[in-house]
Amino acid sequence: MHRGELLAVVGENGAGKSSLMNVLYGLYQPDAGVLSLDGQPVRFKSPRDAIARGIGMVHQHFMLVPTLSVAENVVLGREPTRHGLLDLERAVREVSATCARFGFQLEPRARVDTLSVGSQQKVEIVKALHRGAQVLILDEPTAVLTPQESDELARVMRGLVAQGHTVVLISHKLKEVLGVADRIAVMRRGRCVAEVRAADTTAEQLAALMVGEGPRAPAAAAPASAVSQAPGEPLLDVRGLQATGDNGRPALRGVDLEVRAGEIVGIAGVDGNGQRELAEVLTGLRSLTSGSGTLLGGPLGGLTPAQARTRGVGHIPEDRHHRAVVKALSVEENVALGRHTRPPFAKGPWIDFKGRRERTRALTVAYDVRPPDPEVALRALSGGNQQKVVVARELDARPRLLVVVQPTRGLDVGAVAQVHAKLREARDQGTGVLLVSLDLEEVLALSDRVYVFFEGRVTGHFPRHAFDERELGRRMLGTLEPGHA
Amino acid sequence: MLEVIHSLLFSTLDAAPALIFAALGAVLSERAGVIAVGMEGMMRVGAFCAAVAALTMPTPLAVVMGMLAGAALAGVHGFLSIRWRSDQVVSGIALNLVALAGGTFLLESLYGPNGTPPIQQLTRWNLPGLSAVPVLGALSGHSAPTYLALLLPFAFQGLLTRTPLGLRLRAVGDKPQAVATLGLSVSALRWGAVLGSGLLAGLGGAVLSTAVLDRFEQHTPAGLGFMALAAMVFGRWTPVGAFLAATFFAFGNALRIGLVSSAPGLVELIPQGVLLALPYLLTLGVLTLQGQRSSAPAALGTPYEQESR
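Residues numbered from 1 in each chain as written. Chains lettered and ligands numbered in written order. Predicted model: local features only at pLDDT ≥ 70, side-chain atom pairs only at ≥ 80, totals over all residues. Heavy atoms only, no water.

## Observations regarding the overall build of chain B
Each helix and strand in chain B was counted, giving 13 helices and two strands. Here chain B has a C-alpha radius of gyration of 20 Å; the compact-globule value for 309 residues is 19 Å, and the two agree. If one aligns the C-alpha atoms of chain B with their principal axes, the spans along those axes are about 65 × 45 × 40 Å. Across chain B, contacts joining residues at least 24 apart in sequence account for 76% of those joining residues at least 6 apart. If you sum the accessible surface of chain B, you get close to 13500 Å²; carbon and sulfur atoms cover 70% of it. Once the 15 positive and 12 negative side-chain charges of chain B are each reduced to a mean point, those two points are 14 Å apart. (Helix = DSSP H or I, 4+ residues; strand = E, 2+ residues; numbered from the N terminus. Rg over C-alpha atoms; globule rule 2.2 N^0.38 Å. Contact = heavy atoms within 4.5 Å. Areas by Shrake-Rupley, 256 points an atom, 1.4 Å probe, with all protein chains shown as cover. Lys, Arg positive; Asp, Glu negative; His and termini not counted. Charge placed at Lys NZ, Arg CZ, Asp CG, Glu CD.)

Encoded structure:
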């Protein structure tokens, strides 16, 4: 790694990118090997050592204290004091100065939990620079950003490099990496398998390097399937839907939308703009406060999760450990959950062990769950395989409407491709799919129509032929009034 | 009427410090992210050790012994919840049970069921200028802990909001990962907070047996440690808030005692048990009213594990 260069590290999930960076930052200890900085071997016992040597890290999940202000977060650990007391005025001045020096626009007194995700990320970067970081490590920085915010971040990174900083960007978004990096290191299964100059390579070459010579097709290149046949009967039709979020504030402020049989309808938006609450209302997990709707022939008001299930709503929730699976149970027990009183999972009041095992075995084969062993505890499976179990269970119930939230978060390219293929297959068989994802690429790749959410309202509605990433991004940020929906 | 108010205030100021110290201890521990269910046990251990120590040494020194005993029990909690990352509620309840049973066993085998022999109470201070003033005169004639209990909450509030240490404590209770990535030690901060909460709970217990009473009794502290948790919640995890809530609860208790002694007829109308339960009912009522408007630290009760992200 050279001074004043932007190095990108790419690789599939589990290839060891994040672990490597955590070693660089002193969070993990290396089992063997030597780390050299400016030609000298160094050993970081904790992040404090790494910070002292000018290494800063921006984590994938922000390491900010949401209840503190921007300035407090930035100075935490090296607070300016006067007579032993915290000198907040000076902290604000210092942080303003750092922001000005690097061209960030941040209000030092604002509480972090009131900021947008893009701004929070800037706080993270300022935090590292304020500590004198020369080497800045960014772990999957664009995973949660809109296209505009990502562009902005790319500018910021180039600016830092121009000032003589070294930036390490960890990512699996190849397009983005190619646009911004000088040099690219490819990791696979804990090894660095290649190092190339960004100017001399293409996304296809990188994808091939990432997945190895194996038979799997890189998902990045998977073509979006042709638009489905004409959509069928309306399954879901809501008007003026309002609901309250966990914090007691309105999360949905009058949403109109429709899902028909045989189409995938995407919901695009920055995290926290009501998408989660929408999914919860449709699956009976959250009650609506106003508005009306028809869901699979029944009213949406007063819906319970059990009714949603019997009407034919399937649900692949955002947080699989919280809502979709019981990690301590076996794969077959997880597959039976929710349908455990019906054949082939039960015979009268008794569990049908044989039927359950046969069905589960068939599903593990059909959905490529590895290992294909119904008896193994779910926790022993990798995240991608756990998710495949969830997808298998929900689709096996033959839902008429499938509510899917962030179905591929944290999965590697192989598993992503498989999950996407299964969702398309369900669509082609007539299921209506409502897809909520923070990953705009995923929404655009799968959806036949897209609604854009901003602050609990629909701020845009695009059929497939009118997809425009820029335009969607603007609507996700609420910089345009609701258009001709 | 003035006399009634005077005596109500006086007994509030006498009884409140134990609750105030324990409530502050609970705030300290929980703001750093460690659940403080063990307050009751730490108070009991503090009360017992102070009473026993006062048999052989000056009472102020015995109070210090009580504090150290509270901190020692808190140390066990620290080991279980910080070092071994066990469930903090279970750990706290276990401490309470150990203190309850251990206290009873030691008391009965050493001194019999009626409590430890009486000891020299902490000296009461008469503030000459003040004692003659109506109502305000209630401030005079208390022992040192009362005055400490009136000052400490504000000092603690200052520490939490105005010092680097306070900032770090708040940060470690809301997002320990952020603290760790800045190279600060999550466990050192939490250890400090837990041991400090033990000192405060031990002090609360010691005050019970050296200032409120003059011995350790079978049932000490009779649920005060739990009431301290209620005061912490009611005070929204702030030192001054917890102080006001604790004082309010103590006032409720003083009111009960005042009612019983000034209007004996009342006891015939309302069963004694109901009156005894009054402060606890008050606590329940207040928590019910407060409802969901909670402001607990975000990482409360979550052990910090370095490799989990």
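## Observations concerning the interface of chain B and chain A
Contact residues are listed per partner, giving 21 residues for chain B and 28 residues for chain A. Carbon and sulfur atoms make up 64% of the surface buried where chain B meets chain A, a total of about 2200 Å² over both sides. Taken together, the links from chain B to chain A amount to seven residue pairs in polar contact (both at pLDDT 80 or more). Only helix H6 (144–162), helix H7 (164–174) and helix H8 (176–181) of chain B provide two or more residues apiece to the side of chain B that touches chain A. The leading source of residues in the side of chain B that touches chain A is H7 of chain B, at six residues. Split into classes, the residues belonging to the side of chain B that touches chain A amount to eight nonpolar, six polar and seven charged. (Buried area = accessible area lost by both parts, 1.4 Å probe. Polar contact = N/O pair within 3.5 Å; in protein donor to acceptor, adjacent residues only side chain to side chain. Nonpolar A, V, L, I, M, F, W, Y, C, P; charged D, E, K, R; others polar.)

## Details of the sheet that holds strand S4 (residues 55–58) of chain A
Residue and element names in this part refer to chain A. With respect to topology, six strands assemble into an open sheet ordered S4-S7-S8-S1-S9-S10, the strand pairing being mixed. Lying at the two open borders of the sheet, with one neighbouring strand each, are S4 and strand S10 (191–197). Neighbour to neighbour, the strand axes of the sheet diverge by 20° on average, direction disregarded. Here strand S1 (residues 6–11) pairs with strand S9 (residues 183–188) via five bridges, running parallel. Across the sheet, the residue bridging to Gly11 is Met187, located in S9. Set on the sheet, helix H6 (residues 147–162) makes contact with S1, strand S7 (135–139) and strand S8 (166–171); between it and S8 the angle comes to about 150°. (Pairing = 2+ DSSP bridges. Axes fitted to C-alpha atoms, helices over the stretch in contact; angles between N-to-C directions.)

## With respect to the pairing of S8 of chain A
Residues and elements named next belong to chain A. Of all six residues in S8, six are buried; the element is thus mostly enclosed. Across the two faces of S8 the burial is the same, with Thr166, Val168 and Ile170 and Val167, Leu169 and Ser171 all buried. With five bridges connecting them, S1 and S8 associate as parallel partners. Bridge pairing in S8 places Ala8 opposite Leu169. Bridging between S7 and S8 involves five bridges; their strand directions are parallel. (Buried < 20%, exposed > 50% of the residue type's maximum accessible area, 1.4 Å probe, protein only.)

## A word on the side chain of Arg449 of chain A
Residue and element names in this part refer to chain A. The topology assignment puts Arg449 in strand S21 (residues 449–454). Arg449 gets classed as buried once you look at its relative accessible area, which sits at 13%. A polar contact of 2.8 Å, which involves the side chain of Arg449, links it to the backbone oxygen of Glu258.

## Quick look at the domain arrangement of chain A
All names here are of chain A. Parsing chain A into structural domains produces domain 1 (6–216) and domain 2 (223–312 + 399–476). Domain 1 and domain 2 are separated by 33 Å when their C-alpha centres are compared. The interface is formed by ten residues belonging to domain 1 together with 13 residues belonging to domain 2. Interface area for domain 1 against domain 2, summed over the two sides, is near 1100 Å², with a carbon-plus-sulfur share of 55%. (Domains from an automatic or database assignment.)

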